[in-house]
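Geometric and topological summary
Below, each chain spelled out in residue letters.
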Amino acid sequence: MEHVHLAVEEDDLYSGYNDYNPTFDSEELENDVGFQQAVRTSHGRRPPMTAKFPGTPIGPRSLASSFGARLHMASSMGRPMTGAVQDGSARPMTAVKAAGYTSSLSRGSAFDPLGQSRGPAPALEAKNEDTPEEKIKILEKKVNDLIEESCMAQSTGALQVALEKAKEAGRKERALVRQREQSGSADHINLDLTYSVLLNLANQYTNNEMYPEALNSYQIIVKNKMFSNAGRLKVNMANIYFKQKNYPKAIKFYRMALDQITNAHKEMRIKIMQNIGVVFICMGQYTDAITSFEHIMSESPNIKTGFNLILCYYAIGDRERMKKAFQKLISVPLGIDDEDKYIPSNEDTSSNMVIEAIKNDKLHQMERDLKTLAEKYIMTAAKLIAPAIETLFATGFDWCVDMVKSSQYVELANDLEINKAITYLRQKDFNQAVETLKAFEKKDSRVKSAAATNLSFLYFLEKDHDQADRYADLAMNADRYNPAALINKGNTVFVKQDFEKAAEFYKEALRNDSSCTEGLYNLGLTYKRLNRLEEALDCFLKLHAILRNSSQVMYQLASLYELLENPEQAIEWLMQVISVTPTDAQALAKLGELHDGEGDKSQAFQYYYESFRYFPSNIHVIEWLGAYYIETQFCEKAIQYFERATLIQPTQVKWQLMVASCYRRSGNSQKALETYKEIHRKFPENVECLRFLVRLCTDMQLKEVQDYATKLKKVEKMKEIREQRIKSGREGSARSRREGRESSAGSADSGRSSSSTKGERLSAKMRSLPGSNEPYEASSPKELDASYVDPLGPQMDRPKTGVKKRVEDDDFADEELGDDLLPE
């Protein structure tokens, strides 16, 4: 307690604050001779103060002047003397340099403790780039930049640019090595840079399919012992040999790479062994491939290897091992999380935000892709082995379905059942297919909708539109968002001529799936039927943006432009059609027709001739070509076309008459007479043939002229009698109708039925015969041309067919009816 001092009550706690110490008086420093003298003398070699406390007077002191004399001066006002020395002893040296003072003898120097009077700092010294070290560093940077540019160009698809950059990097790297050798620093060569340059060059050669150059670059790397782990690049060399289909050498290099990779790199070794198995499959050595794949499935099973193993067993026809391999395939772990993890809960808001963030991230997308790939392999393997593992394919499908139901891919069992029905369809067993699909009516909504869609499609093809409509409704009720079901429903309404309602179903299918090309195509056809040509044109233009090379879409666009009276655009679209399908005879014929309508006969002849060359059975094309040759006075060339028409339609007498007429007009009267006689033998009641026979026999002064004249009179008389019978039959039927209205319903019905039936039979029979008012062929060329330009008469008004049958307005292609029939 002796160190504890208690405050006395009468002490003033705030005393001493107004006390003044003259030592700290700075106002009189300019007049203080001692202080000014101390400032002008050396300030860094002062002795330490002898006073114990600051402010204590220490008596007189000596001050060394600049001339060496020491003056004993007392500080004014009792200031302590700095630098004072006792008894004239030498001033001691101190290690502390006072701030703001200088050792120079200059008088009147300003007080500048921060050195601001010296000005700014001098600039940094520039590097000398002429030195060998700096040149080497700059060159190394250029090589690295070129390698990076080459890789970036390759990633954007500019393979040629990437190769040029890689070659330039190689040239600069060699220049760098020479420069190091010249500067005497060959021991400091950057091997990593050399390795990078060579590897990038080899990769770019491979990307540009310059395989010999790539192999040379890889050989340089592999043979250089200074590069560590270069042996694994033999995998790349083996890949090149595989692309060159040099399978033995590919196997050799894969095995060399496998020998140089340690067991620590297990995944790399598995991939190389998988490549070896694939090469063995390409060589047809399935047993060796099976050995590789079985080793992989025992060490590190994966989906692709399991599928390849099933293919090998299928190739050698081993049923039991196919079953075992399929069981291994469906038991391969995918290593992905359950989808339930991405379902948000209503309780925890923070976890819901996390789930929302990771629901569509890259990892989840990768998981979905992996699962989709696994399902594809399993479905393909099941469809492949189901007919092979059992005597009946249905039994094999049932076994596969049972195995899948007991695995992690339970949802694939229903898809396999649908594939079973499709297999029945391929085998033309429609009843079994329908029975299999009908079994899905009690399943869950997704499967039920798919099965009902296929059933609707099948019944539509069989033209059972009522059943097609029923199953289309069933598919829509099971899944209203199924675009195929909506399209099938629209098709059933379309065939009932309710085009407005069909358009609504097609629009709904497009709202559910904007990429549904079948719905867009059928909607365009519907608008075309409704004569809403602009809207139909808009549909097909959108479809053309999706299906750039679809000849069906382009033909429909040409047809619409023709209906819109824009033949130039129609011709342009048809030109695009034949650029995609140059052998389409109907498109070529349509081009000829359009050019003919524009008055360009020569261009029309070119397209008609090309159409005839690809499809020589089109009567319309044959007729036009024959008429063209007659019009241009080349009757001999027209004969071959009309003869072909005779072969196509042997019961049509007009083609044979045209052949005979061509012979007669070309001056070959004898051949014409023989042809007419042959026609008369086949068609003895043909008036036109008899008239020409009478005329020719008269001109040639033949004896048969009287016989043919007699036959002509008989035929004309028979024709008049038939016309009178037809006329009387019509009058009788009219009379019967009048009497029927007056008499009782029963007797009138019987009378009208007998008379009208008889009259219809007579009129139909007479319509099949040539009329008596047909023009007699004269010798005038003008009249002859007129008779050949339109030989079919009213039949020329028939609508022309489209490019192909499946693009007709009334015909729906398979892919337009339901895209679930043949799922891939």
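Residues numbered from 1 in each chain as written. Predicted model: local features only at pLDDT ≥ 70, side-chain atom pairs only at ≥ 80, totals over all residues. Heavy atoms only, no water.

**Considering the overall build of the protein**
- Within the protein, the regular secondary structure consists of 35 helices and two strands.
- Every one of the 824 residues in the protein was classed for burial, and the buried ones make up 39%.
- Excluding contacts between residues fewer than 6 apart, the proportion of contacts in the protein whose partners are at least 24 apart in sequence is 54%.
- Summed over all atoms, the accessible surface of the protein reaches about 48600 Å², with 51% contributed by carbon and sulfur. (Helix = DSSP H or I, 4+ residues; strand = E, 2+ residues; numbered from the N terminus. Buried < 20%, exposed > 50% of the residue type's maximum accessible area, 1.4 Å probe, protein only. Contact = heavy atoms within 4.5 Å. Areas by Shrake-Rupley, 256 points an atom, 1.4 Å probe, with all protein chains shown as cover.)

**Focus: the packing of aromatic side chains**
- In this structure the tally under the stated criterion is 18 aromatic pairs.
- Ring geometry for Tyr195 against Phe227: centres 5.4 Å apart, planes inclined by 70 degrees, an arrangement best described as edge-to-face. Of this pair, Tyr195 sits in helix H4 (residues 191–207) while Phe227 is found in the loop between helix H5 (211–223) and helix H6 (234–243), placing the two residues 32 residues apart along the sequence.
- Their ring planes at 50 degrees and their centres at 6.0 Å tell us that Phe326 and Trp399 sit as a pair that is tilted. (Phe/Tyr/Trp six-rings, centres within 6.5 Å; stacked < 30°, edge-to-face > 60°.)

**Let's talk about the nonpolar core**
- Phe326, Cys400 and Tyr409 are the most contacted members of the largest nonpolar core, which has 137 residues in total.
- In contact with Phe326, not counting residues within four places along its chain, are Ile310, Ile378, Ala381, Ala382, Ile385, Trp399, Cys400, Met403 and Val404.
- Judged by nonpolar contacts, the second largest core, of 42 residues, contains Ile622, Ala645, Cys662 and Leu690. (Core = buried A, V, L, I, M, F, W, Y, C linked by side-chain atoms within 4.5 Å.)

**Things to note about unusual backbone geometry**
- Non-glycine residue Gln497 carries a positive phi angle of around 70 degrees.
- Here Gln497 shows up in the loop between helix H19 (483–494) and helix H20 (499–512).
- Its relative accessible area of 52% is what places Gln497 among the exposed residues.
- Its identity is not glycine, yet Asn531 carries a phi of approximately 65 degrees, on the positive side.
- For Asn531, the position within the fold is in the loop between helix H21 (517–529) and helix H22 (533–546).
- You can call Asn531 exposed: its relative accessible area is 58%.

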